[in-house]
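Each chain is listed here by its residues.
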Amino acid sequence: GNFLFKFLVIGNAGTGKSCLLHQFIEKRFKDESNHTIGVEFGSKIISVVNKMVKLQIWDTLPHLFQTVTCHYLPSFLLLFFCCSRETYNALTTWLSDARMLASQNIVIILCGNKKDLDADREVTFLEASRFAQENELMFLETSALTGENVEEAFVQCARKILNKIESGELDPERMGSGIQYGDAALRQLRSPRRAQPQGTQECGC
Ligand code: GDP
Ligand code: MG
């Protein structure tokens, strides 16, 4: 069958969230750094263990975090910048925010981004992988500049979600799981948008 998985890219400003999303969707580096306005969105179909999986990815600003996650529980790419301990120290807060919104079966991958700037790093691979292990996260070092491990990060998440579906840990038909079977989900996307009541923000789900 076909699947639709939803993702949020989170982490401090400047860690490379917009560039990582851009690299994944466009397969090139987004070089001029314009600030994210509202929610940036990308969507791509990948093949994982012989299944077609549609990924919908939001690159959010913190104040939109709650809004975007209102109707479903997505998976998370949690970014820090390997040359900034400040962005690494902020991970605990990001993690508790993500876990507060989600079930215990949430899939989170930690990405130490800007791996290409290795010479200036402030956080070693070993330290971050220990943190990931302690917090039951997957972990990769990525570069939105060179593209290294960018697709791999999404593929690893999708594979993990598929495993959890197969083992029954995640139920795609349960509302709010952040996972929907393709056909129904696509039909829902194609149907005309219902008018939103005044003052209600759209959440994009
Ligand atoms: P965001 O605030 O998390 O969305 O971060 P941006 O995607 O806007 O990136 C912040 C800055 O880091 C920009 O100047 C990017 O050009 C730069 N950047 C992002 N990813 C990488 C990377 O993998 N390597 C390098 N060298 N620079 C990057
Ligand atoms: Mg951004």
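Here the structure is shown first, and the text comes after it.
Nothing here was measured: the structure is a model prediction, and the numbers come from that model.

Draft legend 1. Spatial organisation of the pairing of strand 4 (residues 75–81). Of all seven residues in strand 4, seven are buried, a share of seventy percent or more. Along strand 4, one buried face is formed by Ser 75, Leu 77, Leu 79 and Phe 81 and the opposite face, lined by Phe 76, Leu 78 and Phe 80, is buried too. Sheet topology places strand 1 (residues 3–11) next to strand 4; five bridges connect them, and they run parallel. Directly across from Leu 8, in strand 4, lies its bridge partner Phe 76. Relative to strand 5 (residues 108–113), strand 4 runs parallel, the two sharing six bridges. If you follow Leu 79 over to strand 5, its bridge partner there is Cys 111.

Draft legend 2. Inspection of the pairing of strand 5 at higher detail. The buried fraction of strand 5 is high, at six of six residues. Burial along strand 5 is two-sided: Ile 108, Leu 110 and Gly 112 and Ile 109, Cys 111 and Asn 113, pointing in opposite directions, are all buried. Summarising the sheet, strand 5 and strand 6 (residues 138–141) pair through four bridges and their orientation is parallel. Of the residues in strand 6, the one forming a bridge with Gly 112 is Glu 141. Since strand 5 and strand 6 lie parallel, the crossover through helix 5 (residues 125–134) that links them has a hand, and here it is right-handed.

Draft legend 3. Representation of the site of ligand 1 within the structure. Taken together, 17 residues lie around ligand 1, and Gly 14, Lys 17, Lys 114, Asp 116 and Ala 144 are the ones closest in. Ser 143 places a polar side-chain atom, nitrogen or oxygen, 3.5 Å from an oxygen atom of ligand 1. Within the backbone of Leu 145, one N or O atom sits 3.1 Å away from an oxygen atom of ligand 1. Across the complex, the protein chains shield 82% of the 580 Å² of accessible surface that ligand 1 would expose by itself. Counting residues per element, the shell around ligand 1 draws most heavily on helix 1 (residues 17–26), at three residues. Residue classes in the shell around ligand 1 are distributed as six nonpolar, eight polar and three charged.

Draft legend 4. The arrangement of the environment of Leu 95 in detail. By secondary structure assignment, the location of Leu 95 is in helix 4 (residues 91–101). Given the relative accessible area of 4%, Leu 95 is considered buried. In this structure, the C-alpha to C-alpha distance between Leu 95 and Phe 76, residues 19 residues apart in sequence, is 9.5 Å.

Scoring rules and cut-offs
- Residues numbered from 1 in each chain as written.
- Chains lettered and ligands numbered in written order.
- Predicted model: local features only at pLDDT ≥ 70, side-chain atom pairs only at ≥ 80, totals over all residues.
- Heavy atoms only, no water.
- Buried < 20%, exposed > 50% of the residue type's maximum accessible area, 1.4 Å probe, protein only.
- Helix = DSSP H or I, 4+ residues; strand = E, 2+ residues; numbered from the N terminus.
- Pairing = 2+ DSSP bridges.
- Right-handed = clockwise from strand over helix to strand, strands pointing away.
- Near = heavy atom within 4 Å.
- Polar contact = N/O pair within 3.5 Å; in protein donor to acceptor, adjacent residues only side chain to side chain.
- Areas by Shrake-Rupley, 256 points an atom, 1.4 Å probe, with all protein chains shown as cover.
- Nonpolar A, V, L, I, M, F, W, Y, C, P; charged D, E, K, R; others polar.

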